Amino acid sequence: MNTLAMNTAAALMASTAAVAQVETRTVTFENEGATLSGTLYLPEERGAEPLPTVVVTGAWTSVQEQMPANYAREMAERGFAAFTFDFRGWGKSGDLPNNVRFVESPEAKTSDIQAAIAFVATFPEVDADHINGLGICASAGYMVDAVSGNPLVQRVGLVAPWLQNAEIVEAVYGGAEGVAGLIEVSRAAEAAGGQIIPAAGPEGAEGVLMPIGGYYYEADRGAIPEYDDKWNNAGWEGWLTYHPADNPQRLDKPLAIVHSESAAIPQGVQTFLAGFAGEATAQWLEDVTQFDFYDDPENVTNAADTVADHFRAGSSN
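Residues numbered from 1 in each chain as written. Predicted model: local features only at pLDDT ≥ 70, side-chain atom pairs only at ≥ 80, totals over all residues. Heavy atoms only, no water.

With that settled, the discussion passes to the packing of aromatic side chains. If you walk through the whole model with that rule in mind, you get 25 aromatic pairs. Between the aromatic rings of F29 and F119, the centroid separation amounts to 5.1 Å while the plane-to-plane angle is 15°, which identifies the pairing as stacked. Here F29 is found in strand β2 (residues 22-31), whereas its partner F119 is found in helix α3 (residues 106-120), with 90 residues between them in sequence. Geometrically, the ring pair formed by Y216 and Y294 is edge-to-face, given 6.3 Å between the ring centres and 75° between the ring planes. (Phe/Tyr/Trp six-rings, centres within 6.5 Å; stacked < 30°, edge-to-face > 60°. Helix = DSSP H or I, 4+ residues; strand = E, 2+ residues; numbered from the N terminus.)

Shown next as structure tokens:
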């Protein structure tokens, strides 16, 4: 093979780009018959030794270029390898079974995280003895499920975690009657093969999952070209009956949580921590909204510092 061909092949295989002293590499991996798209983040200046690593996942409906990318870069800047990916049915990844997309499935997303962890452990740049999980917002529960009992994972960090139980679900979604109504919507949508609506919209918009404006609706924040901005109503039942706040005892890893009383459902974090018997660090920041944990530089930095310190404590063992 000539030099030009070799260079071209290497570029296609690595798909590597340098961004602010962080190197990124686009990769794909398989899970349950679907091809998932992921990105490996590496410190641009690193030695030959494999690195402690963080698998980063984001909020519901999100894609890897949103808040997961922000935290992956923060981890790489602090000397970790980091890995993000699009869940099945979202972004650049393949569909769920039966060609279904945009379903917020806790079961499927937990399985995808487990597959991502196993995949990243095979990279030569990754220290397979020091892999950590970082879940943001809705994926916090999925991350806890994915790492519990998982021998590949050493520690877990949660930023602005959405940890709900039945009581919180009813408080957020219109009481028992509202929840029952959404479950009926979910079953009807599933029977019809799916019913897709916009995920984000301006405050008060009708027919939209999140009619609140803010992060997902603003082009200079989360409304990036890569964002699907879709929600499948068939996902309501799985989401509403998912209660991670009530099952903290399953987690067998040291835990760090960063949250705020001004962010979403802090009572879920309090419930989870009250039932967690393991090693836990909780940092409560003042007056930080849920969306500001996603992209506000100061708050992202503060959260990243806390979880990075937590992960380093494991690497020193």
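Anyway, onward from the coordinates.
Let us look at the packing of helix α2 (residues 67-77) against helix α10 (residues 297-315). At a minimum axis distance of 10 Å, the contact between α2 and α10 shows a crossing angle of 55°. As summarised for this structure, α2 and α10 are arranged oblique, according to the angle between their axes. Crossing handedness for the pair α2 and α10: right-handed. Each of Y71, E74 and M75 in α2 lies in contact with α10, whose residues at this interface are N299, V300, T301, A303, A304, V307, A308 and F311. The class makeup of the residues in the contact of α2 with α10 is 8 nonpolar, 2 polar and 1 charged. (Axes fitted to C-alpha atoms, helices over the stretch in contact; angles between N-to-C directions. Parallel < 35°, antiparallel > 145°, perpendicular 65-115°, else oblique. Left-handed = near helix turned anticlockwise from the far one by under 90°. Contact = heavy atoms within 4.5 Å. Nonpolar A, V, L, I, M, F, W, Y, C, P; charged D, E, K, R; others polar.)

We now examine the pairing of strand β10 (residues 255-260). Counting buried positions along β10 gives 6 out of 6 residues, so the element sits mostly inside the fold. Both faces of β10 are covered, namely the face carrying L255, I257 and H259 and the face carrying A256, V258 and S260. Note: strand β7 (residues 153-159) against β10, 4 bridges, orientation parallel. Its bridge partner lying in β10, V156 is registered against L255. Inspection of the sheet shows β10 paired to strand β11 (residues 280-285) by 6 bridges, in the parallel sense. The residue of β11 that forms the bridge with I257 is A282. With respect to chirality, the unit in which β10 leads through helix α8 (residues 266-275) into the neighbouring parallel β11 is right-handed. (Buried < 20%, exposed > 50% of the residue type's maximum accessible area, 1.4 Å probe, protein only. Pairing = 2+ DSSP bridges. Right-handed = clockwise from strand over helix to strand, strands pointing away.)

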